Each structure stands twice: as structure tokens, then as C-alpha cells.
Amino acid sequence: MSKNFALIMAGGIGSRFWPVSRTTFPKQFLDILGTGKSLIQNTYDRFLKILPKENIFILTNESYFDLVKEHLPELEDHQIICEPIMRNTAPCIAYGTAKIKLIDADANIVVAPSDHLILDTENFVEIINKALDIASKHDCLITLGIKPSRPDTGYGYIQYADQTLEENLHKVKTFTEKPSLEIAETFLASGDFLWNAGIFVWSAKAISKSFDQFLPDIAEIFNEGKNHYNTPREKEYIQAGFQRCVNISIDYGVMEKAENVYVMPADFGWSDLGTWASVYDLSEKDYVGNAVINAEKVMMYDSSNCMVNVPSDKLVILEGLHDYIVVESNNTLLICPRSNEQHVKQVVADVKQKFGNKFI
């Protein structure tokens, strides 16, 4: 049996893709790019090229259990690991790791988001296999870094040193989360910074040792649960355990503190699909830069560089609109400049405050 496992993180809300992404049906379950498959289905299919299906586990919120089953019906129930409340990425990764260790204490694990775009699957498979092989031989925590193509302020950055563990695996010097444009331009010019893809590879032993060192309270909660896992007592134990967990990311809780962190530069057509602007960038456009996704009845006059995503039966007419995003779903219409679409998260908060959860 393969010693390699995957933890696919699928518990986020995806509020920047509102109003299409909702609390009850978030981004990872959407076919945002019109490929015919949801983002989580595409992610799962990629990992089937690396691992046997029984070694793939989904980390999600318990409210999304049925959605995961609907999108990935071939999974057994025990492969869907549910968190009762959101506590960021460190607690759920600790939980998933603890459950995998019961299967194989010598496991190697890749942790990846469920809602990213990867265009070059062949190269992705090659890089993940290489990282898993290195992780099996060394006490190291590997993160994948993407060579930046522009000074993007929406991504985290990883600075790497010349020191290598194996060929093309560099020791990490610093992590920087979403810098200003000026700083991002400096990073790009320096040549020793990569975008943080949020994809991690390590052995179960290496990450467990780091949890013990840097997040001992979280480590204790999930280590103590091993006698409850895969029994009728698991749900009750985990509900109490997550209440005791601090809300903290794996990046801040472990990766920024550990000394054995290495980055593997990668290029496989990656996007975190974090905003509507990223979808626009990846979409097919007409000769004046307009992108129409899913919609079938759209007419444009003197309009350019716009993105329209509305129900297929909706007639949309744009006149004199340039560089705008027009999105409709669930009885909600959003129209905003592409340059302001980072504000969508704040808009969602304002809508919730004014109208409650009806439109969220």
C-alpha cells in the first residue's frame, strides 16, 4: 500500500466570489471557469494521478459533508474529515494528520487547497511526486513556490536562500503576506521571491514534531483523540476539541517558525482563483477584452474589458461600461469596477449586517 496520502482542504466560504459563492454552496463546489467540473472535482482528479483513491482525504466543515459526497461520491465516509467550527488551517491539518497516522505512522502527506486552478497537470504530478520522495527521506517541511509573473499584492511571498537540501529545494528565509505594490515590485526585481501556493508536503513525523514544538496545545488535543477516531465517540470528542483550539493558520503557527522549511520552485499554470479578477484574467475574451462566463444572452455596446457571469436565461445589455464585473446569482446582482473587486469581502460583511444571512 502506498505510504503517500493527500489532505485536500475544502472548508472555506469563498466570500470573494459572492454572490455566486454562498455560505451554503461555497466556491470549491462551483464550476467557476465553465469546465464542466467543480473545483473540488478537478483537484480530486489531479490527485488520483498521484495516489490511490483510498489515500485521499477531504478536510471540510461538517455542514459541507453532503456536498462533498455529492461531488465525490466514490469517497468513503471516513475519508471526509469534518471540523465542527472554523478554526483556520492549523487545527484541521493536525486533525487530518492524526487520523492518517493511525493508518500509517510513516506516511508522507501532501496538503492542498481544493479551489485552485492548475493548468499543467503533468508537471504538477511530477513535482508532487518529487516532493513526496524528498519528504520521505528528510526531516523537512516543503512548501511549493510559484515564480511570480507580476507584482501581485494579493499573494503571499516566500524568500529563499541559496542553501539547498536537494537539487532545486531551497531553504526558506522569510514569508511575507500580501505586500504593498511597492514592496511587491521590489520582491519581483530581487529574483529570490516566489508566490506562496499554499501547497505543503511533509512526512507525518516531521509535521507532528513541528506541532509538538510550536502548537503543543493543538497537538495534544488531536493526539489524545486517537482512541476515539473512527468510533461513535469521535464526533463528540472533536466538537469539544475544536472549541479548545486557537484560530490559527498553518503558515503563521508552524511554517514561519520552523527551521526546517524548504521551498520547491514550481511552474504548472497555477492560480489561487482568489478573486473575480483572477477569473477574468483566465477567461476567454473577445477582441475588446470582454469575458462572458456561463451566460448565453449578453449584448454589449461600446463596452470593453468587462466580465459577465449571470444565469443562462438572463438577458444582459451593457452600454458604455468599461473594466467592470457584472455577476448575478441567488437573487443578487453585483456590479463593480474590476479595480475594486478586492472590496467584495467587505461588501458581504455589510450586506450581512444590513439584511442578515438571507443573501449570504
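The residue count restarts for each chain, going from 1 along the sequence in the order it is written. Selection of residues for local features in this predicted model requires a pLDDT of at least 70, selection of side-chain atom pairs for listing and counting requires 80 or more, and totals for whole chains, interfaces and linings are taken over all residues. Heavy atoms from the whole structure form the basis of all side-chain values; hydrogens and water molecules are not counted.

Peer 1: Help me out: how do you make sense of the nonpolar core in this one?
Peer 2: What tends to happen in soluble globular proteins is that the nonpolar side chains get buried as a cluster. Judged by nonpolar contacts, the single largest core of 48 residues is most densely connected at F47, I128, I142, L144, I199 and F268. By definition, any uninterrupted DSSP run of H or I lasting at least four residues is a helix, any uninterrupted run of E lasting at least two residues is a strand, and each is numbered from the N terminus. Looking at which element gives the most residues to this core, the answer is helix α4 (residues 121-137), with 8 residues. One finds L59, I93, L141 and F175 within the second-largest nonpolar core, a separate group that totals 45 residues. Throughout, nonpolar core names a set of buried Ala, Val, Leu, Ile, Met, Phe, Trp, Tyr and Cys residues whose side chains join them through atoms within 4.5 Å. Relative accessibility decides the category of a residue: with a 1.4 Å probe and only protein chains considered, values under 20% of the type maximum give buried, values over 50% give exposed, and everything between is partly exposed.

Peer 1: Sorry, what's going on with unusual backbone geometry here?
Peer 2: Negative phi values dominate among residues other than glycine, just as trans dominates among peptide bonds. The amide bond that connects W18 to the next residue, P19, takes the cis arrangement and shows omega of 10°. The residue P19 is located in the loop between β1 (4-9) and α1 (39-48) in this model. In this structure, L273 is a non-glycine residue whose phi angle is positive, near 45°. Along the chain, L273 falls in the loop between β11 (270-271) and α10 (276-282). For L273, a relative accessible area of 0% corresponds to the buried category. Look at N330: it is not a glycine, yet its phi comes out positive at around 50°. The topology assignment puts N330 in the loop between β16 (324-329) and β17 (332-337). On the accessibility criterion, N330 (44% relative accessible area) is partly exposed.

Peer 1: Honestly, the pattern of salt bridges in this entry has me stumped. Any pointers?
Peer 2: Where charged atoms from two side chains of opposite charge approach closely, those side chains can pair. Definition used for salt bridges: Asp or Glu carboxyl oxygen within 4 Å of a side-chain nitrogen of Lys or Arg. Under the definition given, this model contains 12 salt bridges. When the shortest N-O distance is used, the salt bridge between K209 and D139 registers 2.5 Å. Linking K209 in helix α6 (residues 204-214) with D139 in the loop between α4 and β6 (141-146), this pair joins segments that are 70 residues apart in sequence. With relative accessibility at 46%, the residue K209 sits in the partly exposed group.

Peer 1: Would you mind showing me how to read the pairing of strand β2 (residues 56-61) here?
Peer 2: Among the 6 residues of β2, 6 are classified as buried, and the element is accordingly described as predominantly covered. The pairing of β1 with β2 spans 4 bridges and is classified as parallel. Its bridge partner being in β2, M9 is matched across the sheet by L59. Strands are treated as partners if at least two bridges between them are detected by DSSP. Of the pairings in the sheet, the one linking β2 to strand β3 (residues 80-83) comprises 4 bridges and is parallel in character. Looking at β3, one finds that N61 is bridged to E83. With its strands directed away from the observer, a crossover is right-handed exactly when the path from the first strand over the helix to the second travels clockwise. Each parallel crossover has a hand, and for β2 linked through helix α2 (residues 65-71) to β3 it is right-handed.

Peer 1: I'm lost on the packing of helix α3 (residues 89-103) against α6 in this one. Help?
Peer 2: Helix-helix packing: each pair is described by the crossing angle between the helix axes and the interaxial distance. Viewed as axis vectors pointing N to C, α3 and α6 meet at an angle of 135°, and their least axial separation amounts to 11 Å. What the angle tells us is that α3 and α6 run oblique. For the element pair α3 and α6, the recorded crossing hand is left-handed. Note on element contacts: α6 touches α3 through A204, I207, S208 and F211, opposite A90, I93, A94, T97 and K101. By the convention adopted, Pro, Cys, Tyr, Trp, Phe, Met, Ile, Leu, Val and Ala count as nonpolar, Lys, Arg, Asp and Glu as charged, and the other residues, Gly among them, as polar. The residue makeup of the contact of α3 with α6, split by class, is 6 nonpolar, 2 polar and 1 charged. All axes are obtained by fitting lines to C-alpha atoms, using only the stretch in contact for helices, and the reported angles, taken between N-to-C directions, cover 0 to 180 degrees. Any angle that is under 35 degrees is reported as roughly parallel, and any over 145 degrees as roughly antiparallel; angles of 65 to 115 degrees are reported as roughly perpendicular and all others as oblique. In a left-handed crossing the near helix is turned counterclockwise from the far helix by less than a right angle, and in a right-handed crossing that turn is clockwise. Any pair of residues with heavy atoms lying within 4.5 Å of one another is described as a contacting pair.

Peer 1: Which parts of the structure should I look at to understand the packing of α3 against helix α8 (residues 234-244)?
Peer 2: The N-to-C vectors of α3 and α8 enclose an angle of 150°; their axes lie 12 Å apart at closest approach. Crossing of α3 against α8: the hand is right-handed. Contact residues: P91, C92, Y95 and K99 in α3; E234, I238 and F242 in α8. Its residues assigned to classes, the contact of α3 with α8 shows 5 nonpolar, no polar and 2 charged.

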